[in-house]
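Architecture at a glance
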Amino acid sequence: METAGGWISMVDSIIRSQRPVHRVKYFILLFFALAPGSIGARAQDSPRINSESLLSHIQTLSSDEFEGRLAGSESGFKTQKYLIDAFSGIGLPVCASEYRQEFEIRGRQEGLEGANILGLIRGSSENTDIIILSAHFDHLGIRGGMIFNGADDNASGTAALIEIAAYFLENPLAHSLLIAAFDAEESGLQGAGAFLQNPCVEVDRISIIINMDMISRSQSSELYASGTFHYPPLKEILTNMDAPENIHLLFGHDLPDTGSDDWTLASDHGPFFQRGIPYLYFGVEDHEGYHNPSDDFENITLPFYVNAVELLVDVIIEVDNNMDMVKALRQP
Ligand SMILES: [Zn+2]
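Residues numbered from 1 in each chain as written. Predicted model: local features only at pLDDT ≥ 70, side-chain atom pairs only at ≥ 80, totals over all residues.

Re the overall build of the protein chain
Summing up its helical and strand segments, the protein chain has eleven helices and ten strands in all. Looking at the 332 residues of the protein chain, the share that counts as buried comes to 51%. For the protein chain, the proportion of contacts with a sequence separation of at least 24, taken over those separated by at least 6, is 81%. (Helix = DSSP H or I, 4+ residues; strand = E, 2+ residues; numbered from the N terminus. Buried ≥ 20, exposed ≤ 12 C-beta atoms within 10 Å, placed from the backbone. Contact = placed C-beta atoms within 7 Å.)

Some thoughts on the nonpolar core
Residues Leu133, Ala160, Ile179, Ile210 and Leu312 are the most contacted members of the largest nonpolar core, which totals 85 residues. A total of twelve residues in this core trace back to one element, the largest contributor, which is helix H10 (residues 302–321). For isoleucine 179, the contacting residues outside a window of four places in its chain are Leu92, Leu118, Gly119, Ile121, Leu133, Leu161 and Ala165. Ile105, Ile147, Phe148 and Ala184 belong to the second-largest nonpolar core, a separate cluster that totals seven residues. (Core = buried A, V, L, I, M, F, W, Y, C linked by C-beta atoms within 7 Å.)

Here we look at the sheet that holds strand S1 (residues 100–104)
The mixed open sheet is built from eight strands, whose spatial order is S1-S2-S6-S3-S7-S10-S8-S9. Among the strands making up the open sheet, the edge pair consists of S1 and strand S9 (248–251). Strand after strand, the sheet turns through a mean of 20° between neighbouring axes, direction not considered. Relative to strand S10 (residues 279–283), strand S8 (residues 222–226) is paired through three bridges, and the arrangement is antiparallel. By the bridge assignment, alanine 225 is partnered in S10 with phenylalanine 282. Here helix H6 (residues 151–170) sits on the sheet in contact with strand S2 (113–121), strand S3 (130–136), strand S6 (176–182) and strand S7 (206–212), set at roughly 145° to S3. (Pairing = 2+ DSSP bridges. Axes fitted to C-alpha atoms, helices over the stretch in contact; angles between N-to-C directions.)

What about unusual backbone geometry?
Peptide bonds are trans in most cases, and residues, glycine excluded, mostly fall at negative phi. Residue asparagine 154 follows aspartate 153 across a cis peptide bond; omega there is -5°. With respect to the secondary-structure elements, asparagine 154 resides in helix H6. One non-glycine residue with positive phi stands out, namely arginine 69, at about 50°. Tracing the backbone through its elements, the reader meets arginine 69 in the loop between helix H4 (51–61) and helix H5 (74–90). Here the phi dihedral of aspartate 257 falls at roughly 65°; this positive angle occurs in a residue that is not glycine.

A look at the environment of leucine 329
For leucine 329, the location among the structural elements is in the segment after helix H11 (323–327). Classification of leucine 329 by C-beta neighbours within 10 Å gives partly exposed; the count is 18. Through-space distance from the C-alpha of leucine 329 to that of isoleucine 208 is 8.9 Å; in sequence the pair is 121 residues apart.

Brief notes about the packing of H4 against H6
Any two packed helices are characterised by the angle at which their axes cross and by the distance between the axes. Between H4 and H6, the least distance of the axes is 8 Å, while the angle of their chain directions is 140°. As judged from the angle between their axes, H4 and H6 are oblique. Note on packing geometry: the crossing formed by H4 with H6 is right-handed. Residue-level contacts link Ser53, Leu54, His57, Ile58 and Leu61 of H4 to Ala151, Ala155, Ser156, Thr158, Ala159, Ala160, Ile162 and Glu163 of H6. Of the residues that constitute the contact of H4 with H6, the class distribution is eight nonpolar, four polar and one charged. (Parallel < 35°, antiparallel > 145°, perpendicular 65-115°, else oblique. Left-handed = near helix turned anticlockwise from the far one by under 90°. Nonpolar A, V, L, I, M, F, W, Y, C, P; charged D, E, K, R; others polar.)

Thoughts on the environment of serine 62
Here serine 62 shows up in the loop between H4 and H5. Accessibility expressed as a C-beta count within 10 Å gives 31 for serine 62, which makes it buried. Placed 86 residues apart in sequence, serine 62 and phenylalanine 148 show a C-alpha to C-alpha distance of 8.6 Å. Not counting chain neighbours up to four residues away, the residues in contact with serine 62 comprise Asn149, Gly150, Ala151, Ala155, Asp296 and Phe297.

Observations concerning the pairing of S10
Of all the five residues making up S10, five are buried; the element is thus mostly covered by neighbouring parts of the structure. Along S10, one buried face is formed by Tyr279, Tyr281 and Gly283 and the opposite face, lined by Leu280 and Phe282, is buried too. Alignment of S7 against S10, held across four bridges, turns out to be parallel. Across the sheet, residue methionine 212 finds its bridge partner in S10, namely phenylalanine 282.

Some details on the confidence of the model for the protein chain
Looking at the protein chain as a whole, the pLDDT averages 89, with 86% of positions reaching at least 70. Low pLDDT (under 50) marks residues 1–41, which in the prediction has 43 contacts with non-local residues, meaning those over four places away or in another chain. (pLDDT = per-residue confidence, 0-100.)

Thoughts on H6
Helix length check: H6 (20 residues) gives 27 Å between terminal C-alpha atoms against 28 Å at 1.5 Å per residue, within 8%. By the criterion of burial, H6 is predominantly enclosed, with 17 of the 20 residues buried. (Expected span 1.5 Å × (residues − 1).)

Focus: H10
Within an α-helix, residues lying three or four positions from one another point in the same direction, as the helix has 3.6 residues per turn. Taking 1.5 Å of rise per residue, 20 residues should cover 28 Å, and H10 covers 29 Å from first to last C-alpha, within 8% of that figure. Most of H10 is tucked away, with 16 of its 20 residues classed as buried.

Some thoughts on the pairing of S7
Taken across its seven residues, S7 has seven buried, putting it largely inside the fold. Of the pairings in the sheet, the one linking S3 to S7 comprises five bridges and is parallel in character. Each bridged residue has a counterpart across the sheet, and for isoleucine 132 the counterpart in S7 is isoleucine 209.

Here you go:
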């Protein structure tokens, strides 16, 4: 169980690993992390997520060693390998015959290969409906000699994917949960497109996709759920749930004709929406680190991130509990 002591040792080890210039920031973070009521009540009482492991994954994936995780590059391949090790380490079953689903990346140069990394946690009931939980692991690589580490975009969702999968392996849902780490999102949602062209499950069985992209950085603790405009019953499910406190779950970014404020097609849930599959997309609004070399681990908002991942666990449980309602939202 994660205690305040756990937080202290975890944040302490992070502080020691940082350059001095960042230390002040971490002491401030530590203060807010330990101040009464600053962590969601649920997260404090009974955390489902191993926050130490979560932060270790996001820190590693967004370190310079991973060179910005560009799809089709050496560092993209290294990230795939990291995920395969993490998935097999928690005992996640494969979705097809192996974790990797290779595909050709189009539009940049000839012969580039990407790969989605896919696992499947079977549900405890006979029901064969499937929930997809997804996050893209690729980012922008190195540009102009600068590494775009993509801590929030989207090492945050990727690390969450590993830890949420670990939780539901121990605490299975009634329905199956497909764990999808998509590649080449930044190259035009190509990993999600490749999945739908060559799915490891019957597409008709997919009831919803829950996509995480940028869930770790918000000074105001605001996390958006996009999709409820298209699927009002999903808003009902989310507003009724017993979510962690001290995180503001907001609805929006899904209205047609609002340009880039409409996130309906902005990340990997887009191709699923276009196939009539309901979606919920969780993310923060663009910040100064968005697609910028300053999207670094030391700029994420620690307590907010942990709370957001705890909230995602609640969302998945509620969706599982309300599967008939969710499934009815599918378009033929
Ligand atoms: Zn992203």
